[in-house]
Structure formats: C-alpha cells, structure tokens
Amino acid sequence: MFRLSVSNISFISSVFLIFLFLLFITQPPPPPLLRYRRQLGPFSGYKDCVPARQVVFLHHNQDMYTRVVENILGRLAVTSKLSYRMSQGGQCTGIFVGIRPVITEDLCSFKSVRDNIGDDSFIVTLLDESDNDTVRQTSNRTELEEIDKIIDLGIITKHFKESLIVMKHLLCLDFRDITYIDTDTGDESVEDEKTETYKHFDRKLQKIIEELGQDEVARQMSILEHANRNLREICNQTRSERYAAVANKEQLDSCNFM
C-alpha cells in the first residue's frame, strides 16, 4: 500500500510538472517595448510596414538635436505628402506631422496632448542630461508609468544615433530618411544630476536596444554613420548653420533639409 502511494505521488508530481512546463511554453510573450501604431506593409520580412502618417514631436529646447529630428520629420512630411505644422504652448514646442496641431496652453502636458490626438498617433520627445524642465519632470513612480504609456519614444541625446535607429524602427523609416549632417564637435556636455524622467527613458532605450539586438543596432549605426559621411561630402557642409526649416519649402533639395 505504501509503495502504491509513493507511485501515485510520483505520477501526480510528474503530471503537475508537465502541466507547469506546458503552461510556460504556451503563455504569450510579453508585448514589445516599441508600440507599433502603424499599418502592415506589403512585403512580409522585408518591408512589412508602412511609414507612420501621424507623428508629434514635443520638446522645450531648440538645439542641434531637435533640429535634426524636426528635419527628419519634415522630410517624412514631404515624402509622404503630409502636413507639417508647428505649435507653441507654454515652455514646449510641438511639431505635428499629418495631424492638426493641438491648441493648448501647455504642450509640456503629455497627457493633454495624447487626449487630444488619440491613440493612433506617435508621440516622440527628446531628453538631455541637463534637462531641468520642472514641468516635465517627476520622481513619482505612478506618474512615470503614466508618462511611459503616453510617450512612444524618448530620444536620449547622449545616445542620439542609437535613438535614431530606434526611431527608424518605430516609424518604419529607411536610412535615407534619418541621415543628417553630423555636426558633433565632441562631448561638451556638463555632467548634471540626471532627473528620474531622464533615467527612466534612458533605461528603457537600453532595453529596446537589447530587444532589437545590440549587434543589429550597432550594425545599423555603422550604416548611418557611413551615410552621414557621404552626405557631408555631397553637401560640402559640416556646420550647424546648414540646418534649414522645412515647413512650406517643398522644393528644397536634399541638402537644404539637413
């Protein structure tokens, strides 16, 4: 009788372990960190998406990084025949591609912008180590989680090229869409105490890079750097003054968009 009980226990344990194993292998994978709010493309495995048609870029500081992103989105607007409009609200500037600008007193309120544009549009912002804009900063974990649900990509200036590669995937862009005249003159940034918002999106960027594959991101960064060098040679210009506004200038050649 005792042997029978041991056998029963062994059988039940085996069945339970098999059940746990099947439960583990059949559970759905976690959702990707990049939220692809986009349509599927015609060529699965190659071009399995179409470029984004509604993008909002929110920032509060005009510098070479914001100009690069603005011009990338300007080229997207021209190529895809989308509207490109700028709006100012409070301390923040918003670039609206393919969507009517939000009229609000405070574009730094991400929730307000998302409530106005809906869930189908991408929202991208840019964060710098010295970003001390108290309007956009929070140390509250719940508020950070809410911001994370609203913002599709926080571009980190310290990892700018990596951020552009991630944006390329997010918005279904090509390398020619994200090339720019590299005006990097070295790391001149002052080491500041990083805000919790910055640290959150910096950590998330690194996790997205791991999800995409670090080797693959490094390979694509190399392609981007090579394309940027070719662009500098073609345009024969390396200074930031070459950057040009893109709104209402559809006839500019490629260099004038850089």
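Below: a short report on this structure. (Residues numbered from 1 in each chain as written. Predicted model: local features only at pLDDT ≥ 70, side-chain atom pairs only at ≥ 80, totals over all residues. Heavy atoms only, no water.)

Focus on the overall build of the chain
(1) Moving on: For the chain, the count of helices and strands is eight helices and seven strands.
(2) Moving on: Counting the 258 residues in the chain, one finds 42% classified as buried.
(3) Moving on: Long-range contacts, defined as pairs at least 24 residues apart, comprise 68% of the intrachain contacts of the chain with a sequence gap of at least 6.
(4) Moving on: Entry remark: accessible area of the chain is about 15100 Å², with carbon and sulfur atoms responsible for 53%. (Helix = DSSP H or I, 4+ residues; strand = E, 2+ residues; numbered from the N terminus. Buried < 20%, exposed > 50% of the residue type's maximum accessible area, 1.4 Å probe, protein only. Contact = heavy atoms within 4.5 Å. Areas by Shrake-Rupley, 256 points an atom, 1.4 Å probe, with all protein chains shown as cover.)

Observations regarding the environment of Ala 52
(1) Moving on: Here Ala 52 lies in the loop between β2 (47-49) and β3 (55-59).
(2) Moving on: Measuring from C-alpha to C-alpha, the distance between Ala 52 and Ala 77 comes to 9.9 Å, with 25 residues separating the pair along the chain.
(3) Moving on: Dropping the residues within four chain positions of it, Ala 52 is found in contact with Leu 76, Leu 82, Phe 122 and Leu 171.

Details of unusual backbone geometry
With the exception of glycine, most residues fall at negative phi, and the peptide bonds are largely trans.
(1) Moving on: Of note, Lys 81 is a non-glycine position whose phi angle comes to about 55°, a positive value.
(2) Moving on: Given the relative accessible area of 74%, Lys 81 is considered exposed.
(3) Moving on: One non-glycine residue, Cys 172, lies in positive phi territory at about 60°.

Let's talk about the nonpolar core
(1) Moving on: Residues Val 55, Leu 73, Val 97, Leu 164 and Leu 171 are the most contacted members of the largest nonpolar core, which totals 53 residues.
(2) Moving on: If one sorts the elements of this core by residue count, helix α5 (residues 160-171) sits on top with seven residues.
(3) Moving on: Once residues lying within four places of it in the same chain are set aside, the contact partners of Leu 164 are Val 68, Ile 72, Ile 178, Tyr 180 and Leu 224. (Core = buried A, V, L, I, M, F, W, Y, C linked by side-chain atoms within 4.5 Å.)

Observations regarding the packing of aromatic side chains
(1) Moving on: Applying the stated criterion across every chain yields a total of two aromatic pairs.
(2) Moving on: Plain terms: the ring middles of Tyr 65 and Phe 160 are 5.0 Å apart, the flat faces sit at 65° to each other, and that makes the pair edge-to-face. Residue Tyr 65 is located in helix α2 (residues 64-79), and its partner Phe 160 is located in helix α5; the two are separated by 95 residues in the primary sequence.
(3) Moving on: Owing to a relative accessible area of 23%, Tyr 65 belongs among the partly exposed residues under this scheme.
(4) Moving on: What makes Phe 160 buried here is its relative accessible area of 6%.
(5) Moving on: Ring geometry for Phe 160 and Tyr 180: centres 5.8 Å apart, planes at 80°, overall edge-to-face. Here Phe 160 is found in helix α5, whereas its partner Tyr 180 is found in the loop between α6 (175-178) and α7 (196-212), with 20 residues between them in sequence. Per residue, the accessibility class of Phe 160 equals that of Tyr 180, and both read buried.
(6) Moving on: Taken together, Tyr 65, Phe 160 and Tyr 180 form an aromatic cluster joined through their ring pairs.
(7) Moving on: One residue, Lys 168, lies across the ring of Phe 175, its end atom 4.6 Å from the ring centre. (Phe/Tyr/Trp six-rings, centres within 6.5 Å; stacked < 30°, edge-to-face > 60°. Lys NZ or Arg CZ within 6 Å of the ring centre and 35° of its normal.)

Some words on the environment of Glu 216
(1) Moving on: Relative to the elements of secondary structure, Glu 216 occurs in helix α8 (residues 214-235).
(2) Moving on: A residue is classified by how much of its surface remains accessible, and Glu 216, at 30% relative accessible area, is partly exposed.
(3) Moving on: Among the polar contacts made by the side chain of Glu 216, one reaches the side chain of Gln 220 at a distance of 2.8 Å. (Polar contact = N/O pair within 3.5 Å; in protein donor to acceptor, adjacent residues only side chain to side chain.)

A few points about the state of the cysteines
(1) Moving on: In the structure shown here, the tally under the stated rule is one disulfide.
(2) Moving on: Linked covalently through their sulfurs, Cys 92 and Cys 108 form a disulfide whose S-S length is 2.0 Å. Taking the torsion about the S-S bond as the criterion, the Cys 92 to Cys 108 disulfide, at about 105°, is right-handed. Of the two residues, Cys 92 is situated in strand β5 (residues 92-97) and Cys 108 in the loop between β5 and α3 (110-117); the sequence distance between them amounts to 16 residues.
(3) Moving on: A relative accessible area of 3% places Cys 108 in the buried class. (Disulfide = S-S within 2.5 Å.)

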